[in-house]
Amino acid sequence: MTEFFYEKKDFFQLKDLEKLCPKEKGITSMSVKEVVQSLVDDGIVDTDKIGTSIYFWAFPSKSSQNRKRKLDELDGKLKALAAKKEQLLVALEKAKIGKEDSDERVEVIEELNKRKAEKAALNAEIEKYKDSDPSVLEKYKQEAEQAKEAANRWTDNIFSTKSWIKNKFSFEESVLDKQFGIPADFDYVE
């Protein structure tokens, strides 16, 4: 189909293409519309609506211009990447200065690794005693105090409920305790 446009160097409507392409290029008339649309979508064939008619065309010069533009674009990217590679190589060489392998450097690296291992061991030791940390102990004390207050609040609620039931229904306290499973030594938490 592209060859057809390049050879004819003319404008065509879809119905003209459906007549000419099967004869000249062996493309079935049923698939001409799909082929032309795919070429339009790929930017190989141009299209424009003039009045009620839609015209299609493609010239070899546009194709060569597109290839030339793409080639120039890729050349520009290649040059930019080559320049970036050169900069990175220079930066790498600068970074290597003073870091050559020497006996002193090897010793310093070994010492650093030893210190890192010591630090890890000390951090593990600190983790063991985390429960004895004053701030953690203080937090536990606060939580225990809150739990004690909540328990005493519920105890107060139970005593209030028992008092109301006793006054309202004239029950004995021992009967209430037995009925609701309240132990005889039930009292506030100290």
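Residues numbered from 1 in each chain as written. Predicted model: local features only at pLDDT ≥ 70, side-chain atom pairs only at ≥ 80, totals over all residues. Heavy atoms only, no water.

Section: the side chain of Thr155
Under the convention used in this document: Numbering goes from the N terminus for both helices and strands, where a helix is a DSSP run of H or I of at least four residues and a strand is a run of E of at least two. Contacts were defined at the residue level, with two residues in contact if any of their heavy atoms lie within 4.5 Å.
Position of Thr155 among the secondary structure elements: in helix H6 (residues 134-169). Residues in contact with Thr155, not counting those within four places in the same chain, are Phe186, Asp187 and Tyr188.

Some points on the UniProt feature "domain: Mnd1 HTH" (unreviewed entry) in the chain
To keep it simple, the criterion reads: UniProt positions are given in the numbering used here, feature names are shortened, and annotations may be inferred rather than shown by experiment.
Those places that UniProt annotates as "domain: Mnd1 HTH" (unreviewed entry) correspond, in this numbering, to residues 1-60. Secondary structure content for residues 1-60 is 53% helix and 20% strand, while the C-alpha to C-alpha distance between its ends is 13 Å.

Structural notes on the pattern of salt bridges
Threshold: A pairing counts as a salt bridge when a side-chain nitrogen of Lys or Arg comes within 4 Å of a carboxyl oxygen of Asp or Glu. Burial here depends on accessible area, computed with a 1.4 Å probe over protein chains only, as a share of the maximum for the residue type. Under 20% is buried, over 50% is exposed, and the range in between is partly exposed.
Per the stated rule, a full pass over the model turns up seven salt bridges. Among the ionic pairs, Glu111 bridges to Arg115, the shortest N-O distance being 2.8 Å. Pair noted here: Glu111 and Arg115 are both in helix H5 (residues 103-128), with a separation of four residues, about one helical turn. Judged by relative accessible area, Arg115 falls into the partly exposed class, the value being 47%.

Regarding helix H3 (residues 29-41)
Heads up, the condition is: Every helix has an expected span of 1.5 Å times one less than the residues it contains. What the arc measures is the spread of directions leading from the helix axis to the C-beta atoms.
With 13 residues, H3 extends 19 Å between its outermost C-alpha atoms, agreeing within 8% with the 18 Å of an ideal straight helix rising 1.5 Å per residue. Residues of H3 that are buried include every one of Val32, Val36, Leu39 and Val40, and no others. Down the axis of H3, the buried side of the element spans an arc of 100 degrees, and every buried residue falls inside it. Residues of H3 that are exposed and point more than 90 degrees away from the buried face comprise Met30, Glu34 and Asp41.

As for the pairing of strand E2 (residues 46-50)
We apply this condition: Two strands qualify as a pair provided that DSSP identifies no fewer than 2 bridges between them.
Pairing of E2 with strand E3 (residues 53-57) involves five bridges; the strand directions are antiparallel. Residue pairing in the sheet places Ile50 in a bridge with Ser53 of E3. Where E2 hands over to E3, the hairpin turn is made up of two residues, of which Gly51 adopts a positive phi near 65 degrees.

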